[in-house]
Amino acid sequence: MAGNSVPQSALVIVAHPDDAEFTMAGTVAAWTRAGCQVTYVLCTDGNAGSHEPGMTKEWLAEIRRAEQRAACATLGVGDVVFLGYDDGQLQPNLELRRELVRLIRTYKPEVVLTSDPTRMFSGNGYINHPDHRAAGQAALDAVAPAAEMPLLWPEVGKAHKVQQVYVYGNDEANVWVDVSGTIEQKIAALKQHASQMGDWDPTERIKDWSAEAGAEKGLAHAEKFRVIHLVKPDGED
Ligand SMILES: [Zn+2]
């Protein structure tokens, strides 16, 4: 299936350090292993994500950037960009959209991966973080049509058309990526975010999620996405 083939290049756009490791890092690891050039964009530094007495936002931002770089090294991700917005206050505004257009035009990714901006809650026990929705919305707004419009913000680079967008967390998945060979790498990358783990070992939770997604397609472990094709695969209308 065309949606499940490995792209040459991909840009991951998420709100916080650890967001991609919780969700799509098995796919990232599978793709980098196959030669895909992956770049991460972190909209915030996750600098409010601590209850530790004496912690400051500046110090936490430094810790979390270092943890994200270590996670990316574990996954074979070549480049990490931190936009430096404050955790808990991300807005899908024109300023963020323009920043993301600049990065899309700079890195020229074939695929963009991001979170579902329409997910407000899951089940009966979880309200999605507004930063996750904001990052997803800004990413989609930047991809189409902004990044490909030559007359819009020409000062941030030459227009670029992204071919596919992988949206994580949507109920209507249409692509299941087999992450059976990279699930341990995903967990190792997630554990790099030590400031967020405390004494908790994420192994079981992560394996439960990917086993559940995999079972839908006869795979040991999978990550599922809603994939939007902005450039149709060959032979399709
Ligand atoms: Zn998050």
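Quick summary incoming for the structure in this document. (Residues numbered from 1 in each chain as written. Predicted model: local features only at pLDDT ≥ 70, side-chain atom pairs only at ≥ 80, totals over all residues. Heavy atoms only, no water.)

**As for the overall build of the chain**
Now for step 1: Counting its regular elements, the chain contains eight helices and nine strands.
Now for step 2: The C-alpha radius of gyration of the chain comes to 17 Å, within 12% of the 18 Å expected for a compact globule of 237 residues.
Now for step 3: Each principal axis of the C-alpha distribution contributes one length, and for the chain these read about 50 × 45 × 35 Å.
Now for step 4: Long-range contacts, defined as pairs at least 24 residues apart, comprise 79% of the intrachain contacts of the chain with a sequence gap of at least 6.
Now for step 5: Carbon and sulfur atoms make up 50% of the accessible area of the chain, which amounts to about 11400 Å² in all.
Now for step 6: Charge separation in the chain, taken as the distance between the mean sites of 22 positive and 33 negative side-chain charges, equals 4 Å. (Helix = DSSP H or I, 4+ residues; strand = E, 2+ residues; numbered from the N terminus. Rg over C-alpha atoms; globule rule 2.2 N^0.38 Å. Contact = heavy atoms within 4.5 Å. Areas by Shrake-Rupley, 256 points an atom, 1.4 Å probe, with all protein chains shown as cover. Lys, Arg positive; Asp, Glu negative; His and termini not counted. Charge placed at Lys NZ, Arg CZ, Asp CG, Glu CD.)

**A word on the layout of surface pockets**
Now for step 1: Estimated volume of the largest pocket: approximately 870 Å³.
Now for step 2: Counting residues per element, the ones that place at least two in the lining of the largest pocket are helix H1 (19-23), helix H8 (203-215) and strand S9 (222-229).
Now for step 3: Ranked by residue count, the leading element in the lining of the largest pocket is H8, at six residues.
Now for step 4: Broken down by class, the residue content of the lining of the largest pocket amounts to nine nonpolar, eight polar and eleven charged.
Now for step 5: Considering only enclosed or pocket space, the second largest pocket measures out at about 270 Å³ in volume.
Now for step 6: As for the second largest pocket, its lining consists of 13 residues, and the residues nearest its centre are Gly49, Arg64, Asp87, His129 and Gln196. (1 Å grid on protein atoms, 1.4 Å probe; cavity = no way out; pocket = protein on both sides within 12 Å on 5 of 7 lines; lining within 4 Å. Points joined across faces, edges and corners; volume = space filled by probe spheres on them. Nonpolar A, V, L, I, M, F, W, Y, C, P; charged D, E, K, R; others polar.)

**Comments concerning the packing of aromatic side chains**
Any pair of aromatic rings gets described here by the distance separating the centres and the angle formed by the planes.
Now for step 1: By the definition in use, this model includes five aromatic pairs.
Now for step 2: Centroid distance tyrosine 168 to phenylalanine 225: 5.7 Å. Interplanar angle 80°. Geometry classified as edge-to-face. Here phenylalanine 225 lies in strand S9 and tyrosine 168 lies in strand S7 (residues 164-168), a separation of 57 residues in the sequence.
Now for step 3: For tyrosine 168, a relative accessible area of 21% gives the class partly exposed.
Now for step 4: Members of the aromatic cluster, each reached through a chain of ring pairs, are Trp31, Tyr166, Tyr168 and Phe225.
Now for step 5: Over the ring of tryptophan 176 we find lysine 217, and its NZ or CZ is 4.5 Å from the ring centre. (Phe/Tyr/Trp six-rings, centres within 6.5 Å; stacked < 30°, edge-to-face > 60°. Buried < 20%, exposed > 50% of the residue type's maximum accessible area, 1.4 Å probe, protein only. Lys NZ or Arg CZ within 6 Å of the ring centre and 35° of its normal.)

Any functional reading would require information beyond the geometric quantities listed.
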